Amino acid sequence: MLARKTLTEHRLMQWCAVILALSTLILIWRYITILILSIWLSSICRPILEWLVIHLPLMNRCREKRSRSAIAAFLLVFLVLVVILPIVLIIIALTGSTINFVASLSNSTTVRNAINIIVPPTNDNSTDFGLNKTNDLNFVDFIRGGKNTTLHLLERLLMQRDTITDVLQLFGGKALSVLSTVAGVTAQFVIGLLIFLVSTYTFLLHGNEIWTWTIHHSPLSSKHMNRFYNAFHETGRGLLIGVCLTCALQGLVAAIAYLCLQIPRWYALGVLTGLCSLIPILGTAIVWIPITVGFFIQQAYVKAVIMITIGILAIGSIDNLLRPVFSKLGSLKMSTLLLLLTIFGGLELLGPWGALLGPLVVRLATEAIILVREDEYELLNTLRI
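None of these values were measured; they are calculated from a predicted model. (Residues numbered from 1 in each chain as written. Predicted model: local features only at pLDDT ≥ 70, side-chain atom pairs only at ≥ 80, totals over all residues. Heavy atoms only, no water.)

## Some points on the overall build of the chain
Summing up its helical and strand segments, the chain has 12 helices and zero strands in all. Secondary structure of the chain in N-to-C order comes out as α-α-α-α-α-α-α-α-α-α-α-α. Put simply, the chain has 385 residues, and 28% of those count as buried. Sequence separation of 24 or more characterises 68% of the internal contacts of the chain that already satisfy a separation of 6 or more. Total accessible area on the chain is roughly 25800 Å²; 71% of this is exposed by carbon and sulfur atoms. (Helix = DSSP H or I, 4+ residues; strand = E, 2+ residues; numbered from the N terminus. Buried < 20%, exposed > 50% of the residue type's maximum accessible area, 1.4 Å probe, protein only. Contact = heavy atoms within 4.5 Å. Areas by Shrake-Rupley, 256 points an atom, 1.4 Å probe, with all protein chains shown as cover.)

Right under this line is the structure:
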């Protein structure tokens, strides 16, 4: 009777732990991707922290813990100011223009129109910058009109005083709505940044202790937890170093080449080139081949030859040259097709953060399937013995 009561209490406690764990996951779900990024960044930066602690002079061993915390804080501030913040600002600056550029390409009815958008004809440069010739002429006429035009405009404004009041009221309400939206987005950004900094600092200093506690209290065995740990960090290093860094370098080299060739939207094309480097077989050629065709159509043969040379020797060879180097720092054991499916599937289901969560979930699922099969083999071998 006592044993049955104890077993019942144990099962109730298990259900209580599961419910509370799920409740905790729901509470922090909004910031789960930020926590994952902070864990990945802390694991990448921890060797740097250890090297600094060893090589920087410490006053005495009793102050080592305090010095370690100071070094971790300095390292984190340095990374945020020098690496993370510039990258975030560049992404924010390029996202809008790239989306508009892709939208204009998708709205083009023919291939020739799409090529003209990518490489605009030299005799119609005004359209490259979104200038409206009619508006320019009207503006010039207004300047030349002088006093009469100004008086006529003032008379029309006075006659339509009620209409202007209504417009101001309308736009005043919209301006308030826009300001409230901007304030909300800014508050979310500040909160997310604060959580990222605190969590990265915590994992950087106490990541090993937290993981030891997790293994000790997890219902899974230490073998399973360590395998999940390796798969988790392998995904982070593979995405941040192996995939993102390679795409960024290819996009940067391509953007510099497009700028030197005087292509108006070189920045958006550079972003598209970096993204297309994920696509197998064709890769970056999806972007620079239409540019080359546009140069041939415009009879700019020298630029076309230069574009082909840079596309093959510079942009295309970066993947072959640098990927083996980056694979030593972090490689993702996932096929290119599966990586693309998980990235775009995550984007479709979870939004921008899905590009990170999609590959992570699939990589952990793959590791779980492998562990199940290994456990079955071990169980069969044990029964045979």
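## A short note on the confidence of the model for the chain
Atom-level detail of predicted coordinates should not be read off regions where pLDDT is low. This prediction gives the chain a mean pLDDT of 77; 78% of its residues lie at or above 70. Taken element by element, the predicted model of the chain shows its lowest mean pLDDT in helix H5 (residues 133-159) (47) and its highest in helix H12 (residues 354-384) (87). Every residue in residues 124-147 scores below 50 in pLDDT, and together they form 10 contacts with partners more than four places removed in sequence or on other chains. (pLDDT = per-residue confidence, 0-100.)

## Describing the environment of Ile 99
Looking at the element boundaries, Ile 99 is found in helix H3 (residues 64-106). We classify Ile 99 as exposed; its relative accessible area is 52%. Spatially, the C-alpha atoms of Ile 99 and Ala 268 are 8.4 Å apart, while their sequence positions differ by 169 residues.

## Digging into the UniProt feature "transmembrane region" (unreviewed entry) in the chain
Residues given the UniProt feature "transmembrane region" (unreviewed entry) here are residues 12-32, 70-94, 175-198, 239-259, 265-288, 300-318 and 338-362. The straight-line gap between the two end C-alpha atoms of residues 70-94 is 35 Å; of that span, 100% is helix and 0% is strand. Taken end to end, residues 239-259 has its terminal C-alpha atoms 28 Å apart, with 100% of it in helix and 0% in strand. (UniProt positions renumbered as here; feature names shortened; annotations may be inferred.)

## A look at the packing of helix H11 (residues 336-350) against H12
At their nearest, the axes of H11 and H12 sit 7 Å apart, and the two run at 125° to each other. In this view, H11 runs oblique relative to H12, as classed from their interaxial angle. Crossing hand, H11 versus H12: right-handed. On H12, the residues that touch Leu 338, Leu 339, Thr 342, Ile 343, Gly 346, Leu 347 and Leu 350 of H11 are Gly 354, Ala 355, Leu 357, Gly 358, Pro 359 and Val 362. Looking at the contact of H11 with H12, its residues break down into nine nonpolar, four polar and no charged. (Axes fitted to C-alpha atoms, helices over the stretch in contact; angles between N-to-C directions. Parallel < 35°, antiparallel > 145°, perpendicular 65-115°, else oblique. Left-handed = near helix turned anticlockwise from the far one by under 90°. Nonpolar A, V, L, I, M, F, W, Y, C, P; charged D, E, K, R; others polar.)

## Quick look at the packing of aromatic side chains
What describes a pair of aromatic rings is the distance from one ring centre to the other and the angle between the planes of the rings. The tally for this structure, following the rule as stated, stands at four aromatic pairs. Taking 5.6 Å as the distance between ring centres and 80° as the angle between the ring planes, the aromatic pair formed by Trp 266 and Tyr 267 counts as edge-to-face. Judged by relative accessible area, Tyr 267 falls into the partly exposed class, the value being 33%. Aromatic side chains Phe 296 and Tyr 301 sit 6.0 Å apart centroid to centroid with 50° between the ring planes, which places their arrangement in the tilted category. Overall, Phe 296 belongs to the partly exposed group, its relative accessible area being 36%. Directly above the aromatic system of Tyr 377 lies the positively charged group of Arg 373, at a separation of 5.9 Å from the ring centroid. (Phe/Tyr/Trp six-rings, centres within 6.5 Å; stacked < 30°, edge-to-face > 60°. Lys NZ or Arg CZ within 6 Å of the ring centre and 35° of its normal.)

## Quick look at the pattern of salt bridges
Scanning the entire structure with this criterion turns up eight salt bridges. Of the charged contacts, one joins Lys 223 and Glu 378 as a salt bridge, the two residues approaching to 2.9 Å between their closest N and O atoms. One end of the pair, Lys 223, is in helix H7 (residues 222-260); the other, Glu 378, is in helix H12, with 155 residues separating them in the sequence. A salt bridge links Arg 373 to Glu 376; the shortest N-O distance between them is 3.0 Å. Of the two residues, Arg 373 and Glu 376 are both situated in helix H12; the distance of three residues between them amounts to about one turn of the helix. A relative accessible area of 45% places Arg 373 in the partly exposed class. Residue class for Glu 376 comes out partly exposed when judged on its relative accessible area of 37%. (Salt bridge = Lys/Arg side-chain N within 4 Å of Asp/Glu carboxyl O.)

## Quick word on the nonpolar core
If you look at the biggest cluster of nonpolar residues, it comprises 30 residues, and the most contacted ones within it are Ile 36, Trp 40, Leu 49 and Leu 339. Every element with two or more residues in this core is listed here: helix H2 (32-55), H3, helix H6 (161-217), H7, H11 and H12. If one sorts the elements of this core by residue count, H2 sits on top with 10 residues. Of the residues that make up this core, three or more belong to each of domain 1 (32-119 + 162-209) and domain 2 (219-384). If near-sequence neighbours (up to four positions away) are discounted, Leu 49 is found in contact with Arg 68, Ile 71, Ala 72, Leu 75, Leu 204 and Leu 205. (Core = buried A, V, L, I, M, F, W, Y, C linked by side-chain atoms within 4.5 Å. Domains from an automatic or database assignment.)

## Examining the packing of H2 against H12
Contact pair H2 / H12: the axes reach a minimum separation of 10 Å and the direction vectors enclose 70°. One way to sum up the angle between H2 and H12 is to call them roughly perpendicular. Along the contact surface, H2 presents Thr 33, Ile 36, Leu 37 and Trp 40, while H12 presents Leu 356, Leu 357 and Leu 360. Tallied by class, the residues present in the contact of H2 with H12 amount to six nonpolar, one polar and no charged.

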